[in-house]
Amino acid sequence: MSEQNNIIELNNVCKEFKILNRHEGLKGSFRDMFSRDYKTITAVNNVSFGIVPGEIVGYLGPNGAGKSTTIKMMTGVLEPSSGEILVNGRVPYKNREANSQNIGVVFGQRSQLWWSLPLVESFKILKDIYRISDQDYKEMMELYRSMINLDDLLGKPVRQMSLGQRTLSDILAAFLHNPPVVFLDEPTIGLDVSMKAKIRTLIASLNQEKNTTVILTTHDMGDVDALCKRIIIIDKGTMLYDNDIDHLKNFFGAYRTLKLNLNKRNVEVSEELQKQQMECVKTHLEEQFPDVIFSFDREDEWISILIDESQISLMKVLSFLQEQIKIRDVRLEEISTESVIKKIYEGKV
Ligand SMILES: Nc1ncnc2c1ncn2[C@@H]1O[C@H](COP(=O)(O)OP(=O)(O)OP(=O)(O)O)[C@@H](O)[C@H]1O
Ligand SMILES: [Mg+2]
């Protein structure tokens, strides 16, 4: 590894936590009080990657995968148990003050801002902390004004804001001192669709305008589609994948989804009947094409059939089904980011 122009570099990074092995019941609690029985869990296991300036990278994985722990090590909040981390040439945990000039951080679940101060006062404190010049501060405010409705926010204490406004404010605060790297840990969590869109646009614009490197964790594939060209996937502390999202989709290029609706328009169909319809389609296909593996799913009236076109063509499946059953409506879908990621989590890559 060790590419010269990487702004972030992790080499064989591990993080272990020692946690108390709790015993059940009253007897157990007594035991815990007197004997310290620890077990070690490995939250991050031998993770290595390099990120070049200006990239937006999605850092993905199921719950408890080790995403936040990795982010905390990159921001200097936690020290790795072993391995090396460099962020913009610095070891994050060794010099936290200098490092904080390097980075901006948003943790989606909690605000970094002063709860009862109007946002503009928080910004002024940050201006002092980061020694932002008057000129730079003014320019940043102008930039923000061009991107969102800033004046709605500035006078408001964070405590009185909606979750969406608070998230917007947190993101603006994280970019305020124009750090080369910004970490966003689940920035869209809990937001509605339109607020998510707003946040994504803001992140994309700031990245473009300032060439900020962004590492983002999320469970929302909409974030990934909107923002990330590259994804890194981690599960149980271990890296599973690091590549372009397009590359992944090509890998799954042979898969397409055929969606069928068998019901008359505007007719209520019971859940039970919908289930039966899917079973019926399944039986037909499995009898006709016993060697082909299909995967079925259902959402309301729509039956989805995931077809591997290296095994059988989608048109062949469709024309066979049309002979067997009455189909009202058909849709075709290329494989989604969501199902690609799901397959990686399931270990099918
Ligand atoms: N301070 C800590 N002490 C002990 N164990 C911890 C600590 N922080 C995290 N862990 C454990 O480390 C593992 C990874 O946690 P982490 O928070 O990094 O996961 P995550 O990928 O961010 O998950 P999520 O998607 O739920 O946010 C989990 O098993 C978690 O319980
Ligand atoms: Mg987390």
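Residues numbered from 1 in each chain as written. Chains lettered and ligands numbered in written order. Predicted model: local features only at pLDDT ≥ 70, side-chain atom pairs only at ≥ 80, totals over all residues.

A. Seen up close, the overall build of the chain. Across its full length, the chain holds 13 helices and 13 strands. On the principal axes, the C-alpha backbone points of the chain span a range of 75 × 60 × 50 Å. Put simply, the chain has 349 residues, and 30% of those count as buried. Taking all contacts inside the chain whose residues are at least 6 apart in sequence as the whole, residues at least 24 apart take part in 72%. (Helix = DSSP H or I, 4+ residues; strand = E, 2+ residues; numbered from the N terminus. Buried ≥ 20, exposed ≤ 12 C-beta atoms within 10 Å, placed from the backbone. Contact = placed C-beta atoms within 7 Å.)

B. Fine view of the site of ligand 1. Taken together, Phe 17, Ile 19, Ile 41, Ala 43, Gly 61, Asn 63, Gly 64, Ala 65, Gly 66, Lys 67, Ser 68 and Thr 69 form the complete shell of residues around ligand 1. Those elements that place two or more of their residues in the shell around ligand 1 are strand S1 (8–20), strand S2 (38–51) and helix H2 (67–75). Classifying every residue of the shell around ligand 1 gives five nonpolar, six polar and one charged. (Near = placed C-beta within 6 Å. Nonpolar A, V, L, I, M, F, W, Y, C, P; charged D, E, K, R; others polar.)

C. Up close: the sheet that holds S2. Judged by pairing direction, the sheet is antiparallel, and its three strands sit side by side in the order S2-S1-S4 without closing on themselves. In the strand order of this sheet, the two ends are held by S2 and strand S4 (82–87), each with one partner. Strand-to-strand twist across the sheet, computed as the mean angle between neighbouring axes with direction ignored, equals 30 degrees. As paired elements, S1 and S2 share ten bridges and run antiparallel to each other. Across the sheet, residue Ile 8 finds its bridge partner in S2, namely Ile 51. (Pairing = 2+ DSSP bridges. Axes fitted to C-alpha atoms, helices over the stretch in contact; angles between N-to-C directions.)

D. Summary view of the nonpolar core. Within the largest apolar cluster, 58 residues are counted, with the highest numbers of intra-cluster contacts made by Ile 171, Val 182, Phe 183, Leu 216 and Ile 232. With six residues, helix H7 (residues 163–175) is the largest single contributor of residues to this core. Residues lining this core come from more than one domain, with at least three contributed by each of domain 1 (53–247) and domain 2 (252–345). Apart from the residues lying within four places of it in its own chain, the contact partners of Leu 216 are Ile 56, Gly 58, Tyr 59, Leu 184, Pro 187, Asp 223, Leu 227 and Cys 228. (Core = buried A, V, L, I, M, F, W, Y, C linked by C-beta atoms within 7 Å. Domains from an automatic or database assignment.)

E. Representation of the environment of Val 317 within the structure. Position of Val 317 among the secondary structure elements: in helix H12 (residues 314–324). The contact partners of Val 317, leaving out residues within four places of it in the chain, are Leu 258, Leu 285, Ile 305, Ile 307 and Ile 312.

F. Unusual backbone geometry, seen in detail. A positive phi angle, near 50 degrees, is found at Asn 88, a position not held by glycine. The class for Asn 88 is partly exposed, based on 19 C-beta atoms found within 10 Å. The residue Arg 131 is not glycine, and still its phi comes out positive at about 50 degrees. Take Arg 131: it is sitting in the loop between helix H4 (119–129) and helix H5 (134–147).

G. Quick look at H4. Three or more residues of H4 are buried, namely Leu 119, Ser 122, Phe 123 and Leu 126. On an axial view of H4, the arc spanned by its buried residues comes to 100 degrees, and they lie on one face. For H4, the secondary structure elements touched by its buried residues are helix H6 (150–154) and H7. (Arc of directions from axis to C-beta.)

H. Seen up close, the sheet that holds strand S9 (residues 238–244). Read across the open sheet, the six strands follow the order S5-S6-S7-S3-S8-S9; overall the sheet is mixed. In this open sheet, the two strands that pair with only one neighbour each are strand S5 (103–107) and S9. Across the sheet, the mean angle separating the axes of adjacent strands is 15 degrees when strand polarity is ignored. Bridge count between strand S3 (residues 56–60) and strand S7 (residues 213–217): four bridges; the pairing is parallel. Note on S7: the bridge partner recorded for Tyr 59 is Thr 217. In the packing of H7 onto the sheet, the strands contacted are S5 and strand S6 (181–185), and the crossing angle to S5 comes to about 165 degrees.

I. Main features of the packing of helix H11 (residues 271–288) against H12. Relative to each other, H11 and H12 sit at 120 degrees, their axes nearing to 11 Å. Between H11 and H12, the angle is such that the two are oblique. Crossing hand, H11 versus H12: right-handed. On H12, the residues touching Val 281, His 284, Leu 285 and Gln 288 of H11 are Val 317, Phe 320, Leu 321 and Gln 324. (Parallel < 35°, antiparallel > 145°, perpendicular 65-115°, else oblique. Left-handed = near helix turned anticlockwise from the far one by under 90°.)

J. Just the pairing of S3, in detail. Extensive coverage of S3 is indicated by the burial of five of its five residues. Here S3 shows no split at all, with Ile 56, Gly 58 and Leu 60 on one side and Val 57 and Tyr 59 on the other all buried. Examined bridge by bridge, S3 and strand S8 (residues 230–235) share four bridges and lie parallel to one another. The partner of Leu 60 across the bridge, within S8, is Ile 233.

K. Expanded view of the pairing of S5. Of all five residues making up S5, five are buried, and the element is well covered by its neighbours. Both faces of S5 are covered, namely the face carrying Ile 103, Val 105 and Phe 107 and the face carrying Gly 104 and Val 106. Relative to S6, S5 is paired through five bridges, and the arrangement is parallel. Counted as the bridge partner of Gly 104 is Val 182 from S6.

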